[in-house]
Amino acid sequence: MARGALCRAVGVFRLCRTSAPLSWTRFYSHTEPEPLTLRQQSGGIRRITLNNPRKRNALSLSMLESLRENILTDVDSDDLRVIIISAKGPVFSSGHDLKELTSTQGRDYHTKVFHTCAEVMTLIQDIPVPVIAMVNGVATAAGCQLVASCDVAVATQKSTFATPGVNVGLFCSTPAVAIGRAVPRKVAMEMLFTGTPISAHDALLHGLISKVVPEEQLEEETMAIAQRVCQASRPVVALGKATFQRQMAQGRDAAYATASKVMVDNLALRDGQEGIRAFIEKRKPVWSNKVDKAHD
């Protein structure tokens, strides 16, 4: 076939000596888009990755729904011990997709967005396994809320955190719920009133994150925490996490009453007694990872 005929037959690209190599992009234009979140699990550790760097991992309604699904899948399985949430690209998450918040979408849609967001944030704190944020970059607005909602957060030195909604006419009221419970009140108010980013070191100082590490150590440090969690009894960790969240919302005396009762309940677990026996016998505990009781 002559060169010109070949070009006409392909009907997409010019095939000539000076052109770039033949590309098949046109033929794959109808392939499925990449998922908004990626999930993989191994050795009790589930990795969930925000996977829309082109849109700065914005927490669109679809992203939130995908994140919710990947958190909830087999969440009660004994094989799941800890969840790590990370992101592709230089932005952990820029918060809500503002294109979804215009008048065109309408009040009902806006309500659904914020209801779903609140559901995801509370879900992170209510599920029985610890959730770790692994942050390497910018976390703003609802992205900062996501970090604050996680049980543990490890960030690189270049990471920054902000609630800049006030600068675009949308005060970060829902992010303030999580952030206001993670950092001192006056720090939260300055972040909310000014939108000025704080550094990873200031975020650590004020309690928004747990640890700051060099970028090249982020994976290693985060996995070390996750693996340490996996060494503990799943029902003991689940009981402890739920109790911590509950007593933090109570006054001092009520908190002690709650925690004291749970300590007794913890001792009644088979794994509670196994841990004590192992300590006395100077050996490593062998966890059942079941909620079975050793006694009433």
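Residues numbered from 1 in each chain as written. Predicted model: local features only at pLDDT ≥ 70, side-chain atom pairs only at ≥ 80, totals over all residues. Heavy atoms only, no water.

Before we move on, can you summarise the confidence of the model for the protein chain with the specific residues and values?
Scored by pLDDT, the protein chain has a mean of 91; 90% of the residues are at 70 or more. Low confidence marks residues 1-29, where pLDDT is under 50. Its contacts with residues over four positions away, or in another chain, come to 16 contacts. (pLDDT = per-residue confidence, 0-100. Contact = heavy atoms within 4.5 Å.)

Explain the sheet that holds strand E3 (residues 82-87) residue by residue, including any values.
As summarised here, the arrangement of the six strands in space is E1-E2-E3-E5-E7-E10, forming an open sheet in which the pairing is mixed. The open sheet has two edge strands, strand E1 (37-42) and strand E10 (211-213), and neither has a second partner. Between one strand and the next, the sheet's axes are offset by a mean angle of 20°, whatever the strand orientation. Where strand E7 (residues 152-156) meets E10, three bridges bridge the pair, whose relative direction is parallel. Directly across from Val154, in E10, lies its bridge partner Lys211. (Pairing = 2+ DSSP bridges. Helix = DSSP H or I, 4+ residues; strand = E, 2+ residues; numbered from the N terminus. Axes fitted to C-alpha atoms, helices over the stretch in contact; angles between N-to-C directions.)

Can you break down the pairing of strand E5 (residues 131-135) residue by residue, with the values?
Among the five residues of E5, five are classified as buried, and the element is accordingly described as predominantly covered. Judged by which residues are buried, E5 turns out to be covered on both faces: Val131, Ala133 and Val135 on one side and Ile132 and Met134 on the other are all buried. Note that E3 and E5 share three bridges and pair parallel. When the bridges of E5 are listed, Ile83 appears paired with Val131. In this structure, E5 lies alongside E7, joined through four bridges in parallel fashion. (Buried < 20%, exposed > 50% of the residue type's maximum accessible area, 1.4 Å probe, protein only.)

So what's going on with the packing of aromatic side chains? Residues and values would help.
Geometrically, a pair of aromatic rings is defined through the distance of the ring centres and the angle of the planes. Scanning the model with the defined rule gives one aromatic pair in all. For the pair Phe171 and Phe193, a centre-to-centre distance of 6.0 Å together with 55° between the ring planes defines the contact as tilted. Of this pair, Phe171 sits in the loop between strand E8 (160-162) and helix H5 (173-179) while Phe193 sits in helix H6 (residues 185-194), placing them 22 residues apart in sequence. Classification of Phe171 as partly exposed rests on a relative accessible area of 35%. (Phe/Tyr/Trp six-rings, centres within 6.5 Å; stacked < 30°, edge-to-face > 60°.)

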